[in-house]
Amino acid sequence: MEPQLHQADIQGLIMESYDFKAIEGKWQERWREMELFAARDGEKERDKYYCLTMYPYPSGVLHMGHVINYTLGDVIVRYQILRGYNVLSPMGWDSFGLPAENAARKQARAAKERGEEPLHPADFTEKNIAHMKTQMERAGWGYDWAREVATSRPDYYRWTQWLFLLFYKNGLAEKKTAPVNWCESCATVLANEQVLSDGTCERCGAEVEQRDLNQWFFKMSRYAQALLDGHRELRGGWPEKVIRMQEDWIGRSEGARVVFRIAETGDELPIFTTRPDTLWGVTFMSLAPEHPLIGKLLKGTEREAEVMAAAKKMRAQGTSAREQAELEKEGVWTGCHVINPVNGEQVPLWVANFALMSYGTGAVMAVPAHDQRDFEFARKYGLPVRVVIRPEDQELDPERMTEAYVDPGTMTDSGPFDGRLNTGAMGDIARWLAEKKIGGPEVNYRLRDWLLSRQRYWGAPIPIVYCEKCGEVAVPEADLPVELPLDVDFQAPGNPLETSPSFVNCSCPDCGGPARRETDTMDTFVDSSWYFLRYCSPREEGRPFDPSAVRYWMPVDLYIGGIEHATMHLIYFRFFTRALYDLGLLDFAEPARKLFCQGMVCKTAYYCEKCQWIPGEKVEGGEKEGDAIVGGSCSACGGPVRGEMTKISKSKLNIVDPDRMMDKYGADCVRLYMLSDTPPDLDRVWSDERMQGAWRFLNRLWDTAAAAAGELGEASAELPEKLSSADRDLRRKTHNGIRRVTEAIEGGFRFNTAISSVMELLNALRASGEVHPAVRREAVESMLVLLAPIVPHFSEELWSRLGHKESIFKTSWPEFDPEALKTEEIEVPVQVNGKLKSRITVPAGAGEEEFKAAALNDGKISEFLAGKEPLKVIVVPRRLVNIVVK
RNA sequence: GCCGGAGUGGUGGAACUGGCAGACACAAGGGACUUAAAAUCCCUUGGCACUCAGUGCCGUGCGGGUUCGAGUCCCGCCUCCGGCACCA
């Protein structure tokens, strides 16, 4: 008969092993009760720490990108709580935007067929928020939920509208007609920042076209220089890479403004150039096809029909950004000439498809000899080439040149500047232009105004009405918010606001006459340009934020998010802050002291020529290489499958569901895994095998701590007076662990090495022999506190099992004891000619001579030297000895 | 084209300010326990060679250089990644 285990014994065994299911919910409840994450407004006795993580769009499903982002934030929040800061850790929802609206459209169709009431985007959004919130709580991320905001709720967007009006009244928002980006698939316009460099839509990937439309803009281009200047303050706190991306995006270029004149009419034609040194080489002028002067100059001339037709054609060709970049250079002569003010020469005026109306003045002086694009254009149309910069080592012949000469050289045929080195003369030329009153130094920027209107329903309505009599009128503050109507038809094409009579028809706030509301809504990036301010006083009713709360909490001490926002959200957010600073609402100009950009989570995705992207489970055969399958075939069609390591995404079917992982391993283990192995700013590879490794570590630590629980003595026990050498050994490792973990976090959130250090400490503890209970307790408890930010439920549970009544987050972050790190002897390597040959052990306080003597007396070394006299002995005390022989 | 960043074992990665390259893991191999498996525990694991308890040589993308000493600094390349790009 088999021996039967008693129920009590089984219970005992289960109790002993790590059971995350039994502890995670319990501690989450405890933290809520003790209000661990409640930020205390205006508390003077502690320093504040504002840790902001980019809030999510509430898609309803948590993905791995959120997990790395919010785990990082939470670990820092808990670490700063342990360091004694008054921490602000808010969370909210970027809840306006296309997906909710698209879902409503899709759903409206289905609901109609079934005769059901369609789900409104607001309900859909709130449902998703509720679900994501439970997922976030389950992950153990600590937020002050009392400060939750959702940008789609009227109590939030009321203030988004208020801020729009503030900008409007101060000349920072205006409606103007301009060539703008149109995404057909999103059925709306987009800001420049939201078009990728390949000319596709940042959201949906469709090609973006150019259209001339009347739209709302924030005058962000005015802030180009201020945004650049602000980088000085951000350096050190922000990743250099992000600063550089913003610099590229803002695109400052220094040069000169030069005023040409139309020979035939006397009209002024100013241009911008970065090469004023080549002014004497101008042989023609190019105008953008949209340039307003074209119509004026040609009206009634014999060339009018031809030129206007050509210009029209140029404007029509290549409406997508990509097509435009690939266009062949084309142009047409206007029949007019311009006068070059530096030498009085008349040169022909052309219209050219490469001249951009949106940069500089829409007119470009052409110097074919020294600009490649002008050179190609000149060759194509037989325009003259004139050399005005002479290289030292060759003679340039305009007839035989095959490309423009763009390197430095001596200026020639250049009036008063003949003989000067062009690079050195640039500034003098700009000043000379100013003296002659024909131009002067000028700086141009690539950054454009921020196009904020969107032809969509699910966004904050722009609070403007159009009155037949009064024209464009701002909605009075008292009438805010301009609420989104509920009686909208999501099945009608176009913007549903346009077909909502209750919304569109209104009376003019000024004259009371009939008026129409603006039906465009705001870009969701407007919502996210001030949410961090709202968090400071989220329930404030009379204004967007309470200045005293903002003064206390701002600026953000650490902002965590993805680098994909470098030239979108992170530019807008800085622009908004600067504008509010200039308007006197804020007393700081930069919103975040430190920025941390986490890496992406990647996994192998599989592609089959016929079935396209297929999930990993549908790959048959092949070889396993780590977590990836190589040389497998598609289970559906049998075709070959190729693997590609790429960011986890729904479209490539390589997602890992955080919920499933937490079901299997618990939140702590997922958190630990996310931070192990890879530094947080690098892309990480999702690996089930490594996840197992994190699981094993937690269990080992649990077993070690739980098994030792009975032998650790009292929680308050003091260290004994006399320590054995084993005691000192373990204490040294404990304190070294504390030092290394602290340095890893402070030195750039290197959690991967912090975790390694704790693993080493655990290995040392497990290998240690007889040690005093208090020394063992110190080692175990140190590990728990060091890991508490990363695996908080786990640490809390063991902490309480070790006899502590209070939460582990009520203790403080340990400090290492320099005394404990000291050793009596140290071992250093000995090299001969820079190659490691032996090791010596010397007393810790040994001087240079002692190191030298010990090295030369070492058996292996003397054998190696074989009596040869060393030429030189280099001693780096406590580091190494290097003996140089011939 | 311009401007950045990166390249270290089979894999993720470690290495303070020029001072023992490969910490800590994963994978792999071997062993213990087990009827068996899982789990766990122990050992091995950069490459090559040899007279294999050990010893020697090589080794941080490639080629040079500085230095007693280079993954780290300098010069010249290669590859990959990112940003900007008809921007005057």
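Residues numbered from 1 in each chain as written. Chains lettered and ligands numbered in written order. Predicted model: local features only at pLDDT ≥ 70, side-chain atom pairs only at ≥ 80, totals over all residues. Heavy atoms only, no water.

Time to look at the overall build of chain A. Each helix and strand counted, chain A has 28 helices and 37 strands in total. Structurally, chain A occupies a C-alpha span of about 110 × 90 × 70 Å along its principal axes. Counting every position in chain A, which comprises 886 residues, the buried fraction comes to 51%. Of all intrachain contacts in chain A linking residues separated by at least 6 positions in sequence, the fraction that spans at least 24 positions is 71%. Within the structure as shown, chain A displays about 40,800 Å² of accessible surface, and the carbon and sulfur contribution to it stands at 49%. Each charge class in chain A was averaged separately, 109 positive and 132 negative side chains, and the resulting centres sit 1 Å apart. (Helix = DSSP H or I, 4+ residues; strand = E, 2+ residues; numbered from the N terminus. Buried < 20%, exposed > 50% of the residue type's maximum accessible area, 1.4 Å probe, protein only. Contact = heavy atoms within 4.5 Å. Areas by Shrake-Rupley, 256 points an atom, 1.4 Å probe, with all protein chains shown as cover. Lys, Arg positive; Asp, Glu negative; His and termini not counted. Charge placed at Lys NZ, Arg CZ, Asp CG, Glu CD.)

Bringing the sheet that holds strand β2 (residues 86–88) into the picture now. Spatially, four strands are ordered β2-β1-β24-β25 in an open sheet, and the strand pairing comes out parallel. Edge positions in the open sheet fall to β2 and β25 (595–598), since each of these has one partner strand only. Mean inter-strand twist for the sheet, computed between neighbouring axes without regard to direction, equals 20°. Of the pairings in the sheet, the one linking strand β24 (residues 558–562) to β25 comprises four bridges and is parallel in character. (Pairing = 2+ DSSP bridges. Axes fitted to C-alpha atoms, helices over the stretch in contact; angles between N-to-C directions.)

A word on the confidence of the model for chain A. In the predicted model, chain A carries a mean pLDDT of 91, and 97% of its residues have values of at least 70. Scored below 50 in pLDDT, residues 1–15 makes two contacts in the model with residues more than four places away or belonging to other chains. Prediction confidence for the complex, expressed as pTM and ipTM, is 0.94 and 0.95 respectively. (pLDDT = per-residue confidence, 0-100.)

The next thing to look at is the pairing of strand β1 (residues 48–53). Extensive coverage of β1 is indicated by the burial of six of its six residues. The two faces of β1 match: K48, Y50 and L52 on one face and Y49, C51 and T53 on the other face are all buried. Looking at chain direction, β1 and β2 are connected through three bridges and run parallel. Within β2, the position partnered with Y50 by the bridge is L88. Regarding topology, helix α3 (residues 64–82) serves as the crossover connection from β1 to the parallel β2, and that connection is right-handed. For β1 and β24, the ladder comprises three bridges, and the chain directions are parallel. Its bridge partner being in β24, L52 is matched across the sheet by Y559. (Right-handed = clockwise from strand over helix to strand, strands pointing away.)

Lining the immediate surroundings of RNA strand B are 49 residues, of which R446, R690, R839, R879 and N882 lie closest. N763 is positioned such that a nitrogen or oxygen atom in its side chain is 2.7 Å from a phosphate oxygen of RNA strand B. For the surface near RNA strand B, the elements supplying multiple residues, two or more each, are α8 (240–250), β9 (268–273), α21 (688–708), α23 (751–767), β34 (825–832), β35 (835–843), β36 (872–876) and β37 (880–884). If you tally residues by element for the surface near RNA strand B, the top one is α23, at seven residues. Partitioned by chemical class, the residues of the surface near RNA strand B number 16 nonpolar, 13 polar and 20 charged. (Near = heavy atom within 4 Å. Polar contact = N/O pair within 3.5 Å; in protein donor to acceptor, adjacent residues only side chain to side chain. Nonpolar A, V, L, I, M, F, W, Y, C, P; charged D, E, K, R; others polar.)

Within the structure shown, the criterion is met by 54 aromatic pairs. Arranged with centres 4.4 Å apart and planes meeting at 20°, the rings of Y156 and W530 form a pair that is stacked. Of the two residues, Y156 sits in helix α6 (residues 154–169) while W530 sits in the loop between α15 (524–527) and α16 (531–534), which places them 374 residues apart along the sequence. Each member of the pair, Y156 together with W530, is buried. Between Y168 and W216, the ring centres sit 5.7 Å apart and the planes meet at 65°, which makes this aromatic pair edge-to-face. Here W216 lies in strand β7 (residues 208–218) and Y168 lies in helix α6, a separation of 48 residues in the sequence. Residue Y168 shares its accessibility class with W216, and that shared class is buried. An aromatic cluster is present here, built from F164, F167, Y168, W216, F218, Y223, W450, F525, Y572, F575 and F576 joined pairwise through their rings. If you follow K176 out to its NZ or CZ, it ends over the ring of F217, 4.7 Å from the centre. If you follow R517 out to its NZ or CZ, it ends over the ring of F503, 5.7 Å from the centre. (Phe/Tyr/Trp six-rings, centres within 6.5 Å; stacked < 30°, edge-to-face > 60°. Lys NZ or Arg CZ within 6 Å of the ring centre and 35° of its normal.)

The tendency in soluble globular proteins is for nonpolar side chains to be buried side by side. F164 and W450 are the most contacted members of the largest nonpolar core, which has 189 residues in total. With 11 residues, α3 is the largest single contributor of residues to this core. (Core = buried A, V, L, I, M, F, W, Y, C linked by side-chain atoms within 4.5 Å.)

What follows covers the side chain of S414. Relative to the elements of secondary structure, S414 occurs in the loop between β15 (410–411) and α13 (422–435). A polar side-chain atom of S414 sits 2.9 Å from the main-chain carbonyl oxygen of T412. The contacts of S414, once residues within four sequence positions are left out, are W280 and V388.

Counted by the stated rule, this structure contains 59 salt bridges. Of the charged contacts in the structure, one is a salt bridge between E29 and R32, with a shortest N-O distance of 2.9 Å. Of this pair, E29 and R32 are both found in helix α2 (residues 20–33), three residues apart, which corresponds to roughly one turn of the helix. A salt bridge links R261 to E268; the shortest N-O distance between them is 3.3 Å. (Salt bridge = Lys/Arg side-chain N within 4 Å of Asp/Glu carboxyl O.)

Here we come to helix α25 (residues 792–801). Among the 10 residues that make up α25, eight are buried, leaving the element largely enclosed by the rest of the structure. For α25, the full list of buried residues reads P792, H793, F794, S795, E796, E797, L798 and W799. If you follow the buried residues of α25, they end up packed against α2, α3, α20 (667–675), α21 and α24 (773–787). Two residues or fewer past α25, G803 is found with a positive phi of approximately 105°.

Looking now at the packing of α20 against α21. Running from N to C, α20 and α21 point in directions that differ by 120°, and their axes come no closer than 9 Å. Considered as vectors, α20 and α21 are oriented oblique to each other. α21 is crossed by α20, and the crossing has right-handed handedness. Between α20, through D668, C669, V670, L672 and Y673, and α21, the contact on the second element is made entirely by R690, M691, A694, W695, F697 and L698. Of the residues assigned to the contact of α20 with α21, the class counts are nine nonpolar, no polar and two charged. (Parallel < 35°, antiparallel > 145°, perpendicular 65-115°, else oblique. Left-handed = near helix turned anticlockwise from the far one by under 90°.)

Running from N to C, α20 and α25 cross one another at 120°; their axes reach a closest spacing of 7 Å. Between α20 and α25, the crossing angle belongs to the class labelled oblique. Only P792, H793 and F794 of α25 make contact with α20, whose side of the interface consists of A667, D668 and R671.

In this section: the sheet that holds strand β19 (residues 464–467). Strand order in the open sheet formed by four strands is β20-β19-β22-β21, with antiparallel pairing between adjacent strands. Each of the sheet's edge strands pairs with one partner strand only, and the pair in question is β20 (471–474) and β21 (505–507). Here the average twist between neighbouring strands, direction ignored, is 40°. Pairing of β19 with strand β22 (residues 514–517), which is carried by three bridges, proceeds in the antiparallel orientation. Bridge pairing in β22 links Y466 to R516.

Below, the discussion takes up helix α4 (residues 98–114). Compared with an ideal rise of 1.5 Å per residue, which puts 17 residues at 24 Å, α4 spans 24 Å between its outermost C-alpha atoms and is within 8% of the ideal. Every buried residue of α4 is listed here: L98, A100, E101, A104, R105, A108 and A111. In the core, the buried residues of α4 are packed alongside α5 (121–138). Positive backbone phi, approximately 70°, marks G115, located one or two places after α4. (Expected span 1.5 Å × (residues − 1).)

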